[in-house]
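Notes for the structure review
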Amino acid sequence: MSLSLSGLTYFVRTFGCQMNEHDSERVSGLLESVGAKKAGSIEAADIPVFMTCSVREKADTHLYALVQALKSAPTPRSGLRTVCIGGCIAQRDDEMLKKHVPIVNVVFGTQAIPNLPNLIVSSRETPTSLLVDTSEPNTAFTSELPSRRASATQAWLPIMSGCNNFCTYCIVPYVRGRERSRDLASITYEARALVADGVKEITLLGQNVNSYQGKDGEGFSDVLEAVAKTGIERIRFTSSHPKDLTQKIVDVMAAYPSIMPHLHLAAQSGSDAVLSSMNRRYTKARFLEVVEMVRESIPDISLTTDLIVGFPGESEKDFLETLDLVKRAQFSSAFTFIYSRRPGTKAASLDLGYTDEELHSRFNRLVELVSAQSFAFNQRFFSQETEVLVEGRSKKDNTLYTGHNPENIAVHFSADEGEDLNGKLVNVRIEQARTWYVTGKQI
Ligand code: SF4
């Protein structure tokens, strides 16, 4: 069996987190390395690939409908469609997926990306059988596979994967396995190659980058420093668990201007009782100490967070503790979620203990507070100069460019016609500061 997909087309549809987006780039790179070409749409592709996410409950039904819809799409050019499902739902459900989406041909788990071309070739030889690889071979880190980056100037760089924390609402440790850190030499090698390729911003990726552990005892601060020394212009990282953020990491962040003054630190709740039930392993007071440690070293940092409303057993008093935490931590923005029960997690069997009305009232009050803080934070940019890495034209108004400033605020701006600013770092004077973005003019 020769491993070639030449003459065939693929299309990857991605759901969920940055880790999935990065895995999708690896899938694309891998399929192209064996001759496949990108199709114009998922319907037109000989090899439609769905990279799934199991974090939200509705994701499953949405995915099943999208995949099954391919059944009524015209047959692709080669005369045979090989439907592949990867990511967290694939890892969790393996051959059970066939029950919900009979059209599926290949199911590949989070560790099986390197084997995907093999699975596709075999499946095309025996199209009626379902091929499944959800084993955990734990061999090559997927980052050592070829990649087809979605952006020429921004790149994901995974430094570790998996998680050991077992937060009681989260499925990740079950579908991504335990923490595995990538060799520092391999990370630095890839960072240097990205710089040489014209990349301006690297985002270091991992379920909990702060607990990175290199084989010679290196920690996340060493990774940050090594990547900063490659000369890359901007470094970001995600996700950070508050319990593992150390002074050493913060010191390196403060020492290198290329490490952006933005930290996403997921708080989830401000109530000690809820945090304990979530198994987050910090208290509200400890979280605020971490915030203080960060602000002492980087006073102007933009601090963002994730918050869950309606975790099982959350009382009004617990919720008020969350509002208080938001005010005291002075988050510049937050992703706010309504708790979603995930089968297979510990929290799934707990009683909710509140009404829908209470839940929505809490959610609305939280969004209102977060929005007000965001609006207040963004005012600091009014009439100031800020540096933007240009990502393209604004979707709402294509006379404007769009990008993010160092604090990770979306900036939409006008510029003189002529030079193409895509992928460039430009200075913008801010003329208006809104709740979720700011607008201005190139200087
Ligand atoms: S730290 Fe908690 S929420 Fe984050 S991936 Fe691990 S278990 Fe899930």
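Note that the structure is a prediction, hence the values are computed from the model and not measured.

**Some remarks on the domain arrangement of the protein chain**
- On domain assignment, one finds that the protein chain holds domain 1 (9-133), domain 2 (142-379) and domain 3 (382-442).
- A C-alpha centroid distance of 28 Å is found between domain 1 and domain 2.
- Between domain 1 and domain 2, the contact holds 23 residues from the first and 22 residues from the second.
- Among the secondary structure elements, those contributing two or more residues to the side of domain 1 that touches domain 2 are α1 (18-33) and α3 (87-93).
- Looking at the side of domain 1 that touches domain 2 element by element, the count peaks at twelve residues for α1.
- Here the side of domain 1 that touches domain 2 is built from residues that sort into six nonpolar, nine polar and eight charged.

**Observations concerning the sheet that holds strand β3 (residues 47-52)**
- Strand order in the open sheet formed by six strands is β2-β1-β3-β4-β5-β6, with parallel pairing between adjacent strands. The outermost strands of the open sheet, each flanked by one partner alone, are β2 (37-38) and β6 (131-133).
- Across the face of the sheet, α1 comes into contact with β1 (9-14), β2, β3 and β4 (84-86) while running at roughly 175 degrees to β1.
- In the packing of helix α5 (residues 116-125) onto the sheet, the strands contacted are β3, β4, β5 (106-108) and β6, and the crossing angle to β5 comes to about 165 degrees.

**A closer look at the packing of helix α11 (residues 284-297) against helix α12 (residues 316-329)**
- As a packed pair, α11 and α12 sit with axes 11 Å apart at the nearest point and diverge in direction by 15 degrees. Looking at the two axes, α11 sits roughly parallel to α12. Classified by chirality, the crossing of α12 by α11 is right-handed. Taken together, the residues of α12 that come into contact with α11 (itself represented by Lys-284, Phe-287, Leu-288 and Val-291) are Glu-321, Leu-325, Arg-328 and Ala-329.
- Its residues assigned to classes, the contact of α11 with α12 comprises five nonpolar, no polar and three charged.

**Observations regarding the sheet that holds strand β15 (residues 385-393)**
- With mixed pairing, five strands are arranged side by side around a closed barrel as β15-β16-β17-β19-β18. Strand-to-strand twist of the sheet, defined as the mean angle between neighbouring strand axes without regard to direction, takes the value 50 degrees.
- In the sheet, strand β16 (residues 401-404) pairs with strand β17 (residues 410-414) via four bridges, with the strands oriented antiparallel. Bridge pairing in β17 places Gly-403 opposite Val-411.

**Regarding the nonpolar core**
- Ile-202 and Leu-204 are the most contacted members of the largest nonpolar core, which totals 99 residues.
- Shared between two domains, this core holds at least three residues of each, these being domain 1 (9-133) and domain 2 (142-379).
- In contact with Leu-204, other than residues within four places in its own chain, are Leu-157, Ile-159, Val-209, Val-223, Val-227, Ile-235 and Phe-237.
- Formed by twelve residues, the second largest nonpolar core is a distinct cluster that contains Phe-381, Val-390, Val-411 and Phe-413.

**Quick word on the pairing of β16**
- Burial along β16 is two-sided: Tyr-401 and Gly-403 and Thr-402 and His-404, pointing in opposite directions, are all buried.
- Here β15 runs beside β16; their pairing, made up of four bridges, is antiparallel. When the sheet's bridge partners are listed, Val-390 is paired in β16 with Gly-403.

**A short note on the site of the ligand**
- Close contacts around the ligand come from Cys-163, Asn-165, Phe-166, Cys-167, Cys-170, Val-172, Pro-173, Gln-207, Asn-208 and His-241, and that covers them all.
- Considering only residue class, the shell around the ligand consists of six nonpolar, four polar and no charged.

**Topic: the pairing of strand β7 (residues 154-158)**
- With five of five residues buried, β7 is to be regarded as a mostly interior element.
- Of the two faces of β7, the one holding Gln-154, Trp-156 and Pro-158 and the one holding Ala-155 and Leu-157 are both buried throughout.
- Sheet topology note: the β7/strand β10 (residues 201-205) ladder contains five bridges and is parallel. Within β10, the position partnered with Ala-155 by the bridge is Ile-202.

**Description of unusual backbone geometry**
- Ser-239 follows Thr-238 through a cis peptide bond whose omega is 0 degrees.
- If you trace the backbone, Ser-239 turns up in the loop between β11 (234-238) and α9 (247-255).
- The backbone phi angle of Phe-166 is positive, close to 50 degrees, even though this residue is not glycine.
- Positionally, Phe-166 belongs in the loop between β8 (160-161) and α6 (172-176).
- On the basis of neighbour counts, which here come to 13 C-beta atoms within 10 Å, the residue Phe-166 falls in the partly exposed class.
- Located in the positive-phi region is Gln-330, a residue other than glycine, with phi close to 50 degrees.
- The residue Gln-330 is located in the loop between α12 and β14 (333-338) in this model.
- Look at Gln-330 and you get exposed, because 12 C-beta atoms sit within 10 Å.

Criteria and thresholds
Residues numbered from 1 in each chain as written. Predicted model: local features only at pLDDT ≥ 70, side-chain atom pairs only at ≥ 80, totals over all residues. Domains from an automatic or database assignment. Contact = placed C-beta atoms within 7 Å. Helix = DSSP H or I, 4+ residues; strand = E, 2+ residues; numbered from the N terminus. Nonpolar A, V, L, I, M, F, W, Y, C, P; charged D, E, K, R; others polar. Pairing = 2+ DSSP bridges. Axes fitted to C-alpha atoms, helices over the stretch in contact; angles between N-to-C directions. Parallel < 35°, antiparallel > 145°, perpendicular 65-115°, else oblique. Left-handed = near helix turned anticlockwise from the far one by under 90°. Core = buried A, V, L, I, M, F, W, Y, C linked by C-beta atoms within 7 Å. Buried ≥ 20, exposed ≤ 12 C-beta atoms within 10 Å, placed from the backbone. Near = placed C-beta within 6 Å.

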